[in-house]
Amino acid sequence: MNANRIVAIARKEFLQVWRDPRSLAIALLMPLMQMFLLGYGASLDLKHIPLCVFDQEGSQHSQALLQRFRASHYFRVVQSVNSYVALGHAIDAGDCRLGVVVPYRFSRELSALGKSSVQAIADATDSNTATLAVAYAQAVVNAFASDVEVRWAGPGRALSSAQSLAVASRVWFNEDLETRNFIIPGLVAMIMALVGALLTSLTLSREWERGTMELLISTPVTGAELMAGKLLPYFTIGLADAAVCVLLAVYWFDVPFRGQLLTLFVTTLLFLMVVLGIGYAISAWIRSQVGASQVALLLTMLPTAMLSGFAFPIDQMPRLIQVITYAVYSRYYVSILKAVFLKGSDLAQMALPIACLLVYAAFIAAVASRLFRKSVD
Amino acid sequence: MLRRIVAILVKEFLQLKRDRTARFRLIAPPIIQLIIFGYAATFEVFGVTAVVLDLDHSQESRELITRFTASRRFDVVRVAANPEAARQAIDRGEAALGLVVRAGFSQLLHKGQSATLQVLVDGTNSNSALIALGYVGQIAANYSQDYAAMASARRGAEAGSLPVQVVLEPRNWYNENLNSRWFFVPGVVASLTLFMVVNLTSFAIVREREVGTLEQIMVTPVRPTEFILGKTVPFFLMGFVEVALVSAVALLWFRVPFRGNPLVLMLGASLFLLSALGLGMLVSTLCRTQQQAFATNFFVLNPLFTLSGFAFPISSMPEPLQWLTLIDPLRYFLIVIRGTFLKGVGVAELWPQLVAMTAIGTALLAFSVLRLRKSLD
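Residues numbered from 1 in each chain as written. Chains lettered and ligands numbered in written order. Predicted model: local features only at pLDDT ≥ 70, side-chain atom pairs only at ≥ 80, totals over all residues.

(A) Inspection of the overall build of chain B at higher detail. Looking only at helices and strands, chain B has 14 helices and 5 strands in total. Taken against the 2.2 N^0.38 rule, which gives 21 Å for 377 residues, the C-alpha radius of gyration of chain B at 29 Å runs more than 25% over that of a compact globule. Counting only C-alpha atoms, chain B reaches 95 × 45 × 40 Å along its principal axes. Put simply, chain B has 377 residues, and 49% of those count as buried. (Helix = DSSP H or I, 4+ residues; strand = E, 2+ residues; numbered from the N terminus. Rg over C-alpha atoms; globule rule 2.2 N^0.38 Å. Buried ≥ 20, exposed ≤ 12 C-beta atoms within 10 Å, placed from the backbone.)

Encoded structure:
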């Protein structure tokens, strides 16, 4: 390793980045855009579920029940129909996600038996939304029932013991159950993986394709020096991106940050090493830029989006897929980020994921240097 | 004109044929990814790890806890002896949920008063926490009802003391068992296709420019429209094969039902590919190097993915983001592919989506032809 040669390569690479302002701008704007889009757009808290109502009875009771749906901020009544066919059509066309049908016998049953039923037809294409929508509808209906009971019982009479068991829940770490607080820490990992891949995965294939690799090979620079020099500028950009992400997360989106900055810094350095190393290895392996870009998409962005636990919980995946996630480097960083942000864990508590990242970084460096051979063929 | 287009076509296919890794890269990864991501993408919540603390030691408290042990939704991993142990189990991540029955629970119930089940939740994953709390609520409500029924039976039912009850009868259309895989797998098919086609197309013209062969083509009598047609047709075919291939995997491997008309899906896929090609071409004409094209792809594809409704419901997004989703072709194709797979709807319901994709695709392609004509002059 010769520091002079590393600096020379780094200088050249830096100039190249500098003279391509568009790519540089994208690398620096990426965190801003992703943060804003996902920070605001990624919400699984359902609000304003489009609802279609079918009141077969048209009585005071049925209207009172539907009024409760109108008043709830979970639902937005978009249509009021008067046949099953129309209701079916509204759901088929995707105009509404839930249809509530109040049957003919509703108030008769309610006054005679104190018991009646309402039908809820859910578009279960999106099973998650359907489950939550039905649960919210159930809550609206329950509130209506106890309201009726209070009115009938009159003041002073004891209520029946229908609600004999109450649930008092206390939520830890993410007290308001904000999707944002759960998504954003993981998003930092997603952005770093993206930027790392887009910066480095073409860096060697570009030289091959343009024919400048022959020139590089004829210089005394060694493989390790080339790697260090090439990655140095991108390392700086990656760190800048990480800083932007964390500042936005904490000051703009008010995601709680309960850990130490040092923990975050150390783990981010490690993760950057892995990410940039993978991009470099891809670039050393595949000499055409199209090919390298395809592989980078496949190996970096998509697994980070799907398998890192960033949005989809790993413990809900089938066993075999869970095993595969251990090979996805972002998995470790995502778990670290969530712990540092929300739980305030320190370095010692996260020794295991940190060790995994370390091993990964060493492994990738070894692979990258093996894949790059200083020969023309 | 036709001859010139065919000439370009032949050249493109030859180039593809000579790229040895390309054939593998284009076929195997989408299938592998679909299988892995198909299993990974789920918001279902099963086996929530729970720690139980029973300070009442009564028949009632045991009965209540048995209902949790028996449920597939919960997995009671520990029985704590004191509050500190329960707290630690959640802190260390051994359990995501704590169920606490305080002393005096059964006495309150005997007196006909409302007793409380205390629930501690790790809210790090807000979505899972929300759904888990929903299940806790269901179990508690069932317990309440059963207890009330039992109590009033013991007292000898006076008619008036029965609670007013309105039952919500949910009916889940299209996905009766609320299988979230049925929702996500068609979405993964669409997203994979978009990523691959846009990336390949966007490299198409930039590569010629970067390597310097664009000048050679410019001196031939080929016109910009012909050039773009010749460039896009191979990717269109490839995209089509890809949709067919991964759809087959979705049907045969994941057993997602296909209830619609395959021709409608094919029509939708063609229009979607039109937008994808248009987008790729536009990126291609706007960029000078493949590095730029690659960076731009990341910059454009990520928002398309986030805003498409793939995972996060559009109706829950803030209004300005909802407007942005209107120019996202993936949004429309997701509705078409989920509609044809699960709902079995046809052109009568899907025409707005088809029209929107046609408009977006035509606009993008027209714009890129204009851009190319300008840059060729």
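(B) Spotlight on the overall build of chain A. In terms of regular secondary structure, chain A is built from 15 helices and 5 strands. In summary, chain A has a C-alpha radius of gyration of 29 Å against a globular reference of 21 Å for 377 residues, an excess of more than 25%. Its C-alpha atoms give chain A principal-axis dimensions of about 95 × 45 × 40 Å. Burial analysis of chain A (377 residues in total) assigns 48% to the buried set. Pairs at least 24 residues apart make up 80% of the contacts formed inside chain A by residues separated by at least 6 positions. (Contact = placed C-beta atoms within 7 Å.)

(C) View of the interface of chain A and chain B. Contacts between chain A and chain B engage 100 residues on the former and 100 residues on the latter. The element that contributes the greatest number of residues to the side of chain A that touches chain B is helix α6 (residues 127–153) of chain A, accounting for 14 residues. Both strand β4 (residues 115–123) of chain A and strand β5 (residues 165–173) of chain B contribute to a ladder of 9 bridges, which runs parallel. If you follow A:D123 over to β5(B), its bridge partner there is B:W173. (Pairing = 2+ DSSP bridges.)

(D) Focus on the environment of B:F46. Position of B:F46 among the secondary structure elements: in the loop between α2 (20–40) and β1 (48–54). With 13 C-beta atoms packed within 10 Å, B:F46 lands in the partly exposed category. Aside from chain neighbours lying at most four places away, what touches B:F46 is A:Q316, B:R72 and B:R73.

(E) Quick look at the sheet that holds strand β2 (residues 75–81) of chain A. Taken in spatial order, the 5 strands of this open sheet run β2(A)-β1(A)-β3(A)-β4(A)-β5(B), and their pairing is mixed. Each having just a single partner strand, β2 of chain A together with β5 of chain B make up the two edges of the open sheet. Averaged over neighbouring strand pairs, the angle between their axes works out to 25 degrees when direction is ignored. Taken together, the 4 bridges between strand β3 (residues 98–102) of chain A and β4(A) define a ladder with antiparallel strand orientation. Bridge pairing in β4(A) links A:G99 to A:I121. Here helix α3 (residues 60–71) of chain A sits on the sheet in contact with β1 (49–55), β2 and β3 of chain A, set at roughly 175 degrees to β1(A). Running at roughly 140 degrees to β4(A), helix α5 (residues 106–113) of chain A makes contact with β3 and β4 of chain A of the sheet. (Axes fitted to C-alpha atoms, helices over the stretch in contact; angles between N-to-C directions.)

(F) Local environment of the packing of helix α12 (residues 289–307) of chain A against helix α7 (residues 180–211) of chain B. Two numbers describe how α12(A) lies on α7(B): the axes approach to 10 Å, and their chain directions differ by 160 degrees. In terms of their interaxial angle, α12(A) and α7(B) are classed as roughly antiparallel. Relative to α7(B), α12(A) is oriented so that their crossing is right-handed. Contacts between α12(A) and α7(B) involve A:Q289, A:V290, A:S293, A:Q294 and A:L297 on the former and, on the latter, B:F195, B:N199, B:L200, B:F203 and B:R207. Here the contact of α12(A) with α7(B) is composed, by residue class, of 5 nonpolar, 4 polar and 1 charged. (Parallel < 35°, antiparallel > 145°, perpendicular 65-115°, else oblique. Left-handed = near helix turned anticlockwise from the far one by under 90°. Nonpolar A, V, L, I, M, F, W, Y, C, P; charged D, E, K, R; others polar.)

(G) Broad picture of the packing of helix α7 (residues 179–200) of chain A against helix α10 (residues 223–252) of chain A. Residues and elements named next belong to chain A. It is at 10 Å that the axes of α7 and α10 come closest, and there the two elements cross at 155 degrees. With respect to α10, the element α7 is oriented roughly antiparallel. Read as a crossing pair, α7 and α10 show a hand that is right-handed. Of the residues in α10, those touching α7 at I184, V188, I191, M192, V195, G196, L199 and T200 are L231, Y234, I237, G238, D241, A242, C245, V246 and A249.

(H) Main features of the confidence of the model for chain B. On average, residues of chain B score 84 in pLDDT, and 95% of them are at 70 or above. Averaged pLDDT values for the elements of chain B fall to 74 in β5(B) and rise to 92 in helix α10 (residues 262–286) of chain B. (pLDDT = per-residue confidence, 0-100.)

(I) Here's a closer look at the domain arrangement of chain B. The assigned domain composition of chain B is domain 1 (2–42 + 179–376) and domain 2 (48–161). In this structure, domain 1 of chain B and domain 2 of chain B have C-alpha centres spaced 50 Å apart. (Domains from an automatic or database assignment.)

(J) Representation of unusual backbone geometry in the model. All names here are of chain B. Even without glycine at this site, H57 takes up a positive phi of about 50 degrees. In this fold, H57 is placed in the loop between β1 and α3 (59–70). Although it is not a glycine, R255 sits at a positive phi angle of roughly 55 degrees. Checked against the element boundaries, R255 lands in the loop between α9 (224–252) and α10. On the basis of neighbour counts, which here come to 11 C-beta atoms within 10 Å, the residue R255 falls in the exposed class.

(K) Local environment of α3(A). Residue and element names in this part refer to chain A. Helix length check: α3, at 12 residues, gives a terminal C-alpha distance of 16 Å against a target of 16 Å (1.5 Å per residue), a fit within 8%. Three or more residues of α3 are buried, namely S62, L65, L66 and F69. The buried residues of α3 occupy an angular sector of 95 degrees when projected down its axis, which confines them to one face. Residues of α3 that are exposed and point more than 90 degrees away from the buried face comprise Q60, Q67, R70 and A71. (Expected span 1.5 Å × (residues − 1). Arc of directions from axis to C-beta.)

(L) Structural view of the pairing of β1(A). Residues and elements named next belong to chain A. Among the 7 residues of β1, 5 are classified as buried, and the element is accordingly described as predominantly covered. The pairing of β1 with β2 spans 6 bridges and is classified as parallel. Pairing of F54 across the sheet is with V81, part of β2. Once you follow β1 into α3 and on to β2, the crossover reads as right-handed. In terms of strand pairing, β1 meets β3 through 5 bridges, oriented parallel. Paired with F54 across the strands is V101, a residue of β3. (Right-handed = clockwise from strand over helix to strand, strands pointing away.)

(M) Summary view of the environment of B:L324. All names here are of chain B. Here L324 is to be found in helix α12 (residues 319–324). Classification of L324 by C-beta neighbours within 10 Å gives partly exposed; the count is 17. Counting along the chain gives 43 residues from L324 to F367, while the straight-line C-alpha distance between them is 20 Å.

(N) Structural context of the pairing of strand β4 (residues 115–122) of chain B. All names here are of chain B. Most of β4 sits inside the fold, with 6 of its 8 residues counted as buried. Of the strand pairs in this sheet, strand β3 (residues 97–101) and β4 are connected by 5 bridges, and their pairing is antiparallel. Counted as the bridge partner of G98 is L120 from β4.

(O) Focus on α7(A). Residue and element names in this part refer to chain A. The first and last C-alpha atoms of α7 sit 32 Å apart over 22 residues, in line with the 32 Å expected at 1.5 Å per residue. Along α7, the helix axis deviates most sharply at G186, where the bend reaches about 30 degrees. Of all 22 residues that make up α7, 22 are buried, and the element is covered over most of its length. (Bend = angle between axes of the 7 residues up to and from the residue.)

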